[in-house]
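# A look at the structure
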Amino acid sequence: MANLMPIIETLEARWMRAWASGDMKTLKALTARNFRLVMGSRPAAILDSPSWLEAARDRFLCDSYRFGDIYVRDVGSVAVFATQLTLRATMDGADWSGDYWVTDIWRKGRVRRQWRMVERILSRPDPDRKFATGIKSLQLWR
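To keep things clear, this report deals only with the structure shown in the data block. On a predicted model such as this, the values are computed, not experimentally measured, just so you know.

## Here we look at the overall build of the protein chain
Along the protein chain, the regular secondary structure elements total 4 helices and 7 strands. The linear arrangement of helices and strands in the protein chain, starting from the amino end, is α-α-β-β-α-β-β-β-β-β-α. Relative to the globule expectation of 14 Å for 142 residues, the C-alpha radius of gyration of the protein chain, 16 Å, shows essentially globular dimensions. Judged by the C-alpha coordinates and their principal axes, the protein chain covers about 45 × 40 × 25 Å. A separation threshold of at least 6 residues defines the contact pool for the protein chain, and within that pool the share at least 24 residues apart is 52%. Between the centroid of the 24 positive side chains of the protein chain and the centroid of its 16 negative side chains there is a distance of 7 Å.

Structure, rendered in structure tokens:
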């Protein structure tokens, strides 16, 4: 199977550009009907596809974005994308800009064989480096 990294990176950039530019046709085409946005907050919040698309139209607006280090994993008909995301955004006029951690799940359709985002998990990273250092210390492949 071909390396999915450039394919998924391109889809991610298209998805984010569509959101930032208000291109609802492209955003809808890249978003699965059973899409879920999960906000890693306390308490967690979930949006379904219709709620997300409506919010992206006029309430949760992205002005610009920048990806950090990108991780893509090929799991057959599913691909996992994860990165640090710097976002300039507003929700109902309130500033939501900042650094986030995003994990997206893309699934390849059975009929048309097109990739669609089925899940986005968005959360604020913990600035305390001890967690990352602790997990890295557990790696057997060092």
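## Quick notes on the nonpolar core
Counting 32 residues, the largest nonpolar core has Ile8, Trp15, Trp19, Leu27, Trp52 and Trp106 as its most contacted members. Taken together, the elements giving at least two residues each to this core come down to helix 1 (5-21), helix 2 (24-30), strand 1 (31-40), helix 3 (49-58), strand 3 (60-74), strand 4 (78-91), strand 6 (98-108) and strand 7 (115-123). It is helix 1 that provides the largest number of residues to this core, a total of 6 residues. Not counting residues within four places of it along the chain, the set of residues in contact with tryptophan 106 comprises Ile8, Leu11, Glu12, Trp15, Leu30, Ser77, Val78, Ala79, Phe81, Trp115, Arg116 and Met117.

## Some thoughts on the pattern of salt bridges
For the structure shown, the criterion picks out 4 salt bridges. In this structure, glutamate 54 engages arginine 57 in a salt bridge whose closest nitrogen and oxygen atoms are separated by 3.7 Å. Here glutamate 54 pairs with arginine 57, and both are found in helix 3, just 3 residues apart, close to one helical turn. Judged by relative accessible area, which is 43%, glutamate 54 ranks as partly exposed. A salt bridge links aspartate 104 to arginine 120; the shortest N-O distance between them is 2.8 Å. Pair noted here: aspartate 104 is in strand 6 and arginine 120 is in strand 7, with a separation of 16 residues, a long-range link.

## Concerning helix 1
In this model helix 1 runs 24 Å from its N-terminal to its C-terminal C-alpha over 17 residues, within 8% of the 24 Å that 1.5 Å per residue would give. Remark: glycine 22 follows helix 1 within two positions and exhibits a positive phi of approximately 75°.

## A word on the side chain of serine 123
Tracing the backbone shows serine 123 in strand 7. Once residues lying within four places of it in the same chain are set aside, the contact partners of serine 123 are Gly40, Tyr100 and Trp101.

## A few points about unusual backbone geometry
Most peptide bonds take the trans configuration, and most residues that are not glycine carry a negative phi. For aspartate 92, which is not glycine, the phi torsion reads 50° and is therefore positive. The residue aspartate 92 is located in the loop between strand 4 and strand 5 (94-95) in this model.

## Concerning helix 3
Among all positions of helix 3, only Ser49, Trp52, Leu53, Ala55 and Ala56 are buried. Buried residues of helix 3, seen end-on, are gathered within an arc of 165° and therefore sit on one face of the element. In this fold, the buried residues of helix 3 make contact with helix 1, helix 2, strand 1, strand 2 (45-48) and strand 3.

## Quick look at the pairing of strand 4
Residues in a regular strand project their side chains so that they alternate between the two faces of the sheet. Judged from the 12 bridges that link them, strand 3 and strand 4 form a sheet pairing that is antiparallel. Looking at strand 4, one finds that tyrosine 65 is bridged to leucine 87. Joining the antiparallel neighbours strand 3 and strand 4 is a turn of 3 residues, in which glycine 76 adopts a positive phi near 80°. Where strand 4 and strand 6 come together, 10 bridges link them in antiparallel fashion. Its bridge partner lying in strand 6, leucine 85 is registered against tyrosine 100. Note: strand 4 against strand 5, 2 bridges, orientation antiparallel. Its bridge partner being in strand 5, methionine 91 is matched across the sheet by alanine 94. Connecting strand 4 to the next strand, strand 5, in antiparallel fashion are 2 residues, including aspartate 92 with a positive phi near 50°.

Analysis parameters
- Each chain has its residues counted from 1, running along the sequence as written.
- The model is predicted, so local features are restricted to residues of pLDDT at least 70 and side-chain atom pairs to those at 80 or more, both for listing and for counting; the totals for chains, interfaces and linings are taken over all residues.
- The basis for the side-chain values is all heavy atoms of the structure; hydrogens and waters are excluded.
- The way it works is that DSSP assigns letters per residue, a run of H or I at least four long becomes a helix, a run of E at least two long becomes a strand, and they are numbered from the N terminus.
- What the globule rule says is 2.2 Å times the number of residues to the power 0.38, and the radius of gyration is computed from C-alpha atoms.
- Contact criterion: two residues are considered in contact whenever any of their non-hydrogen atoms come within 4.5 Å of each other.
- Charged residues are defined narrowly, with Lys and Arg counted positive, Asp and Glu counted negative, and His plus the chain ends left uncounted.
- Think of each charge as sitting on NZ of Lys, CZ of Arg, CG of Asp or CD of Glu.
- For the purposes of this section, nonpolar cores are sets of buried Ala, Val, Leu, Ile, Met, Phe, Trp, Tyr and Cys residues that join through side-chain atoms within 4.5 Å.
- Type-normalised accessible area, obtained with a 1.4 Å probe on protein chains alone, sets the label of each residue: buried when under 20%, exposed when over 50%, and partly exposed for intermediate values.
- The working definition used for a salt bridge is a side-chain nitrogen of Lys or Arg within 4 Å of a carboxyl oxygen of Asp or Glu.
- One less than the residue count of a helix, multiplied by 1.5 Å, gives the span that helix is expected to have.
- The arc in question is the one spanned by the directions pointing from the helix axis to the C-beta atoms.
- For two strands to be treated as a pair, DSSP must find no fewer than two bridges joining them.

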